[in-house]
Amino acid sequence: MIEVPEVVSNKARAVGAEHWLTELPELVAGLEADWTMTVGAPYKGATEAFVAPVTLADGTDAVLKLFVPRSRDVVGHEITALRLANGEGCVQLLRDDASRGALLLERLGPSLFDLARPIEERHEILCATAIRFWRPAPGCGLPTGAGKSAWLAEYIATMWEATDRPCSERAIDDALACAQRRRLAHNDERAVLVHGDLHQWNTLQSGSGFKLVDPDGLIAEAEYDLGIIMREDPIELREGDPRDRAHWLAARTGLDATAIWEWGVVERVSTGLLCAQVDLQPLGREMLATADHVAR
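This write-up is about the structure you can find in this document.

A word on the packing of aromatic side chains. For any pair of aromatic rings, the description rests on two quantities: the centre-to-centre distance and the angle between the ring planes. Applying the stated rule across the entire model yields three aromatic pairs. Summarising the aromatic geometry, the rings of Trp151 and Tyr155 are spaced 5.2 Å apart at their centres and angled 15° between planes, so their arrangement reads as stacked. In this pair, Trp151 and Tyr155 are both assigned in helix α6 (residues 145-162), four residues apart and thus about one turn of the helix distant. A centroid spacing of 4.6 Å and a plane angle of 70° characterise the contact between Tyr224 and Trp263, whose relative ring orientation is edge-to-face. Of this pair, Tyr224 sits in helix α8 (residues 223-231) while Trp263 is found in helix α11 (residues 257-278), placing the two residues 39 residues apart along the sequence. Judged by its relative accessible area of 0%, Tyr224 falls in the buried class. Above the ring of Trp261, the side-chain terminus of Arg243 is found at 4.1 Å from the ring centroid.

In structure tokens, the structure reads:
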């Protein structure tokens, strides 16, 4: 019997993948035999996939990640992003099997969340790590920021109704307007490989530095990643002028504060609605309360 974290189970059920939960023990056993490794108890903090420590036959510590089935593109995009990064600013990919949604990754240390660093230090680390990850990647086949902003707009409009309108219509209108502006602003020549989910749980210690895990894999303006930082720590964002964070991030990276702000608006609302859908609370309520606050 494999114990799957509740958030992962809820996400599997939300996308109609109950069969995956039933078949998971057999899937893990098959990979354990094929890749000659021993799989430990899963990490309880996982939200998007089954993630567990493993020990390889030669004694190497690694990590197994098994995706909740949504679409094969999700697996392929992460594999592509990991190969492009090749361990620079991001976890090293050791082995993969896209048909089974399985990745074998290097084992890293604790996350920024586990290390409980002050918010200012966290933001500095997130920026420094993202800068190492960003790189041109023309022709790689990954989705673009224009496509992602269009998808997010459709998701926001649909999920607001599906979750019984858990935030104000003004917050939804603000997010949709920001998504439209970012879609129109996409520029292939300026776009780089971005992580797509840059936060403290996805930033793990690696020696004296840090590496990212779980890249979505997008070709977009780098400001997209900093919009994720605008989404996180929603209560702290309301303690002063919310735009101060966007201006600090822009000054630290040499990027555009308005683009950072607008991606933050879109990501805050879309992620708050996702949290409402899978009952990841109180985070969802906090994000949507901040969305209402900034929309006013």
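This part is about the packing of helix α7 (residues 169-185) against helix α12 (residues 283-295). Where α7 meets α12, the closest approach of the two axes is 8 Å, and the angle between their N-to-C directions is 80°. Classified by the angle their axes make, α7 and α12 are roughly perpendicular. For the pair α7 and α12, the contacting residues are Arg170, Ala171 and Asp174 in the first and Ala291, Asp292 and Ala295 in the second. Each residue belonging to the contact of α7 with α12 can be placed in one class, and the counts come to three nonpolar, no polar and three charged.

How each quantity is defined
- Residues numbered from 1 in each chain as written.
- Predicted model: local features only at pLDDT ≥ 70, side-chain atom pairs only at ≥ 80, totals over all residues.
- Heavy atoms only, no water.
- Phe/Tyr/Trp six-rings, centres within 6.5 Å; stacked < 30°, edge-to-face > 60°.
- Helix = DSSP H or I, 4+ residues; strand = E, 2+ residues; numbered from the N terminus.
- Buried < 20%, exposed > 50% of the residue type's maximum accessible area, 1.4 Å probe, protein only.
- Lys NZ or Arg CZ within 6 Å of the ring centre and 35° of its normal.
- Axes fitted to C-alpha atoms, helices over the stretch in contact; angles between N-to-C directions.
- Parallel < 35°, antiparallel > 145°, perpendicular 65-115°, else oblique.
- Contact = heavy atoms within 4.5 Å.
- Nonpolar A, V, L, I, M, F, W, Y, C, P; charged D, E, K, R; others polar.

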